[in-house]
Amino acid sequence: MRKGLTMEEKVNALIKEIKQEENKETIAIKLIPNTKVSLTSSNVAGVFYLPKTDSIPVNENGEQLMYLAQINCEELPANNIYPKTGIMQFWIFGGDVNTDSGLGKCTSDINKRVIYYPTIKEHYNVEELADIYRPNEAVRGELISSICKNAPFAMVFEKTKQWVTPQDFRFEKIFDEKWKKYFANNISLSSLFDIDYETASYILDELYTENHIQIGGYGIFGEFDIDPRGFFDDDGNNPHENYTELLFQIYFKFRDEFVISDNFDVFKYSYGVGNFFATRDQLKNLDFEECLYTWYRG
């Protein structure tokens, strides 16, 4: 490292290096409200593809899960994240304000499902789906996570990259290594805020990313939420460290009495960030049973 650099110059060099070196392929998604699409097109809270050989996924109580989103892989820009063909779907349970995956286990499929359909077969039409898809009739009552305004949403995709986000469980190690490089000391940082508050806040601002609705990249979590992939069990093992591939992330802001994303209302009662992560083996095998799911709720 060149001598004579000021503190500010070193910090900016560190930030620049993270942005240039620690990045992952990402597909940013823009949601277009009030846009009807076909049964096989990418969308949030619209219609969905369901082969006549399959049924609506349910939880252990037989309650239907709520359709959240689907991605038609052929509509994506060229990428090394998703398969080239087929449809990826994301389902969550909407009968309880506690919308995590179930029983405190973030890989549980009790209250969520990620389904991959490699080919498009004979499937239900819109009228038939209306007859069989009734998640609001869940025995627990009101559909808590209902899409309440401006649905359905079409998707527009843009290929980009994302540097490691400060909330990602890998960030502290990466930052610690680069801090030692630029500041030539052996002090290990357990947190970014082990340095002074002003400098830490500046770094966070500079590493802020706008790709909140996305496929791939590192992803983000709620304002006060912690990446579950950074936790260790009683034996000192990290059971979730291999869930490195972000299948889908959807992000909603909260303002006043409404849940908003880009100035349109989306979810009732549930807001924040929803993440679906897979391991590399799950992506390779296209089998997403017990992928990792989190939903920050404010």
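Everything here concerns the structure above.
Criteria and cut-off values
- Residues numbered from 1 in each chain as written.
- Predicted model: local features only at pLDDT ≥ 70, side-chain atom pairs only at ≥ 80, totals over all residues.
- Heavy atoms only, no water.
- Axes fitted to C-alpha atoms, helices over the stretch in contact; angles between N-to-C directions.
- Helix = DSSP H or I, 4+ residues; strand = E, 2+ residues; numbered from the N terminus.
- Parallel < 35°, antiparallel > 145°, perpendicular 65-115°, else oblique.
- Left-handed = near helix turned anticlockwise from the far one by under 90°.
- Contact = heavy atoms within 4.5 Å.
- Nonpolar A, V, L, I, M, F, W, Y, C, P; charged D, E, K, R; others polar.
- Core = buried A, V, L, I, M, F, W, Y, C linked by side-chain atoms within 4.5 Å.
- Buried < 20%, exposed > 50% of the residue type's maximum accessible area, 1.4 Å probe, protein only.
- Pairing = 2+ DSSP bridges.
- Phe/Tyr/Trp six-rings, centres within 6.5 Å; stacked < 30°, edge-to-face > 60°.
- Salt bridge = Lys/Arg side-chain N within 4 Å of Asp/Glu carboxyl O.

*Asks:* Can you help me understand the packing of helix α1 (residues 7–21) against helix α3 (residues 171–183) in this one?
*Replies:* What describes two packed helices is the angle between their axes and the distance between those same axes. One can describe the packing of α1 onto α3 by two numbers: an axis separation of 10 Å at closest approach and a directional angle of 135°. The orientation of α1 relative to α3 falls into the category oblique. For the crossing formed where α1 meets α3, the hand is right-handed. Residues M7, K10, V11, A13, L14, E17, I18 and E21 of α1 lie in contact with α3, whose contacting residues are F171, F175, K178, W179, K181, Y182 and F183. Looking at the contact of α1 with α3 residue by residue, the class counts come to 10 nonpolar, no polar and 5 charged.

*Asks:* Quick question: what am I supposed to make of the nonpolar core here?
*Replies:* When a protein is soluble and globular, its nonpolar side chains tend to lie buried together. The biggest cluster of nonpolar side chains holds 36 residues, and the ones touching the most others in it are I71, Y82, F90 and F248. Setting aside anything within four residues of it in sequence, one finds F248 in contact with I29, V44, L68, A69, I71, Y82, F90, M155, Q214, G274, N275 and F276. F171, W179, F183 and I203 belong to the second-largest nonpolar core, a separate cluster that totals 17 residues.

*Asks:* Help me understand the environment of A278, please; the structure alone is not making it clear to me.
*Replies:* Inspection of the secondary structure puts A278 in strand β11 (residues 272–278). Distance in space between the C-alpha atoms of A278 and L292 is 6.3 Å, their sequence separation being 14 residues. Discounting chain neighbours no more than four positions away, the residues touching A278 are N242, Y243, T244, E245, L247, F288 and C291.

*Asks:* Is there a simple way to think about the pairing of strand β5 (residues 112–117) in this case?
*Replies:* Counted residue by residue, β5 has 6 buried out of 6 residues, so it is predominantly covered. Burial along β5 is two-sided: K112, V114 and Y116 and R113, I115 and Y117, pointing in opposite directions, are all buried. The sheet contact formed by strand β4 (residues 87–92) and β5 spans 6 bridges and is antiparallel. Across the sheet, residue I87 finds its bridge partner in β5, namely Y117.

*Asks:* So what exactly am I meant to see when it comes to the side chain of T294 here?
*Replies:* Position of T294 among the secondary structure elements: in strand β12 (residues 292–295). Once residues within four sequence positions are removed from consideration, T294 is found in contact with C106, F221, P228, V273, G274 and N275.

*Asks:* When you look at the packing of aromatic side chains in this model, what are you seeing that I'm missing?
*Replies:* Summed over all chains, the structure comprises 13 aromatic pairs. Ring geometry for F48 against Y133: centres 5.1 Å apart, planes inclined by 85°, an arrangement best described as edge-to-face. Of this pair, F48 sits in the loop between β2 (43–44) and β3 (66–72) while Y133 sits in the loop between α2 (126–132) and β6 (153–163), and the two are 85 residues apart along the sequence. Residue classification places F48 among the buried positions, given a relative accessible area of 2%. Residues F90 and F276 carry aromatic rings whose centres are separated by 4.9 Å and whose planes lie at 50° to one another, so their mutual orientation is tilted.

*Asks:* Hey, could you run me through the pattern of salt bridges in this one?
*Replies:* Taken as a whole, this structure holds 13 salt bridges when the rule is applied. Residue K52 pairs with E128 through a salt bridge whose shortest N-O separation is 3.3 Å. Taken together, the residues K52 in the loop between β2 and β3 and E128 in helix α2 connect sequence positions 76 residues apart. Taking relative accessible area as the criterion, K52 reaches 35% and is therefore assigned partly exposed. The exposure class assigned to E128 is partly exposed, which follows from its relative accessible area of 27%. Ionic pairing is found between E245 and R280, a salt bridge with its closest N-O pair at 3.4 Å. One end of the pair, E245, is in strand β8 (residues 245–255); the other, R280, is in helix α5 (residues 280–285), and 35 residues separate them in sequence.

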